[in-house]
Amino acid sequence: MLKSKVDEVLQDVNKLPAISSVVSKVLEKLQKPDVEIADLAQEISKDPAITANVIKLSNSAYYRASKPIRTVQEALMTLGIKTVKEIVLLTAAKGILAQDLNSYQLEAAQLWTSSLLVAELSSKIVQHKKLKIDKDLAFTSGLLCSVGKIVLAQFFSPVMMQIKTDLKDNQEPFPTLEKKYFGYTHMEVSENLLKRWNFPPELTDVVANYLTPETSKVNPLLTSVVHIASILIVVSGIGIDIGGESVPISPFALSQTGVTDADIETYFVHIPDLQAGLADLLNV
């Protein structure tokens, strides 16, 4: 088992994917109910790359701003705090997820596309089923579920043959094999990373449990939504990795959300339309 080597990486902040300190500060401010728009704008503007993307995406067809946006403060006032938070996290996520994961048999474009689609479909499910969840929260929660794979991918080489043999001989969900060989699932690593980045517990809980929503302790409904979205995107063949389609949809998730077989068929049919609608975000 390679757990000790994974532990070494998880304990060394210099070896882990980094996120802008501005993102952490923005998330921290957003947890306060009396946050001021001017304070948020000032914080976001400290990072030129994030600022540029906030203005660029605020003016994109995806967000449909009612008037041209020239500054972060205008974006906050026109689109709202939640939407700008979504854009900030999109920018941060792209910086982390836009890389090839050869061990997982995922190219950078596939990883980013599938991450965005899980986020978008999560938001659509919330709206369609009229669930008591903010659609922006659903989007954000679905975005970073695969981030732990970036850490584990570097440890595959010594055990790749054994992993391939296990995949051929067994029908176990791939996270079971991750745990067997690395001592961690990618969900556990994702949880570790989001905690280091000071993400809210609700988001941390989703990435830790999105493939096993019945184990969610913070928001099982939100985790169930992301679970269904992630499985459907994999089944559609977008972002399918070395684990294939080894994780079935959880009956618990279906029960929590009220999603039916007919709903699943509808979501599945409309995945290409979702992907087309994400053109602006795919090119962040």
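All residue numbers here refer to positions counted from 1 along the written sequence of the relevant chain. Per-residue local features are limited, in this predicted model, to residues with pLDDT of at least 70; the limit for side-chain atom pairs, both in listing and counting, is 80 or more; totals at the level of whole chains, interfaces and linings are taken over all residues. Heavy atoms from the whole structure form the basis of all side-chain values; hydrogens and water molecules are not counted.

Q: Help me understand the packing of helix H10 (residues 160–169) against helix H11 (residues 174–182) in this model?
A: When two helices pack together, their arrangement is given by the angle between the helix axes and the distance between those axes. Contact geometry for H10 and H11: axes closest at 11 Å, N-to-C directions at 145 degrees. H11 is crossed by H10, and the crossing has right-handed handedness. On H11, the residues that touch Gln162, Ile163, Asp166 and Leu167 of H10 are Phe174, Leu177, Lys180, Tyr181 and Phe182. Three classes are used: nonpolar for Ala, Val, Leu, Ile, Met, Phe, Trp, Tyr, Cys and Pro, charged for Asp, Glu, Lys and Arg, and polar for all others, with Gly counted as polar. In terms of residue class, the contact of H10 with H11 is made up of 6 nonpolar, 1 polar and 2 charged. Geometry is summarised by axes, namely lines fitted to C-alpha atoms with helices restricted to the contacting stretch, and by angles between N-to-C directions that run from 0 to 180 degrees. Each helix corresponds to a stretch of at least 4 residues labelled H or I by DSSP, and each strand to a stretch of at least 2 residues labelled E; elements are numbered beginning at the N terminus. Crossing handedness is read from the near helix: turned anticlockwise from the far helix by less than a right angle, it gives a left-handed crossing, and turned clockwise, a right-handed one. Contacts are assigned to residue pairs with any non-hydrogen atoms lying within 4.5 Å of each other.

Q: Would you mind going over empty space enclosed by the protein with me for this structure?
A: Which parts of space are left empty comes out when a probe the size of a water molecule is rolled across the atoms. Cavity and pocket criteria rest on a 1 Å grid covering protein atoms alone: a 1.4 Å probe that fits but cannot get out defines a cavity, protein on both sides within 12 Å along at least 5 of 7 lines defines an open pocket, and an atom within 4 Å of a point defines a lining residue. Grid points are joined across faces, edges and corners, and a volume is the space filled by probe spheres set on the points. Per the stated rule, a full pass over the model turns up 3 cavities of 30 Å³ or more. Considered as a void within the structure, the largest cavity measures approximately 360 Å³ in volume. Lining of the largest cavity is provided by 29 residues; of these, Lys149, Tyr210, Leu211, Val234 and Asp241 occupy positions nearest its centre. Mapped by element, the contributors of at least two residues to the lining of the largest cavity are helix H7 (108–128), helix H8 (135–143), H11 and helix H14 (220–235).

Q: Can you help me understand the environment of lysine 195 in this one?
A: Checked against the element boundaries, lysine 195 lands in helix H12 (residues 186–196). Buried, partly exposed and exposed residues are distinguished by accessible area as a fraction of the type maximum, computed with a 1.4 Å probe on protein chains only: under 20%, between the cut-offs, and over 50%, respectively. Among the residues examined, lysine 195 registers a relative accessible area of 52% and is labelled exposed. Each C-alpha atom, one on lysine 195 and one on aspartate 205, is 9.8 Å from the other, the two residues being 10 residues apart in sequence.

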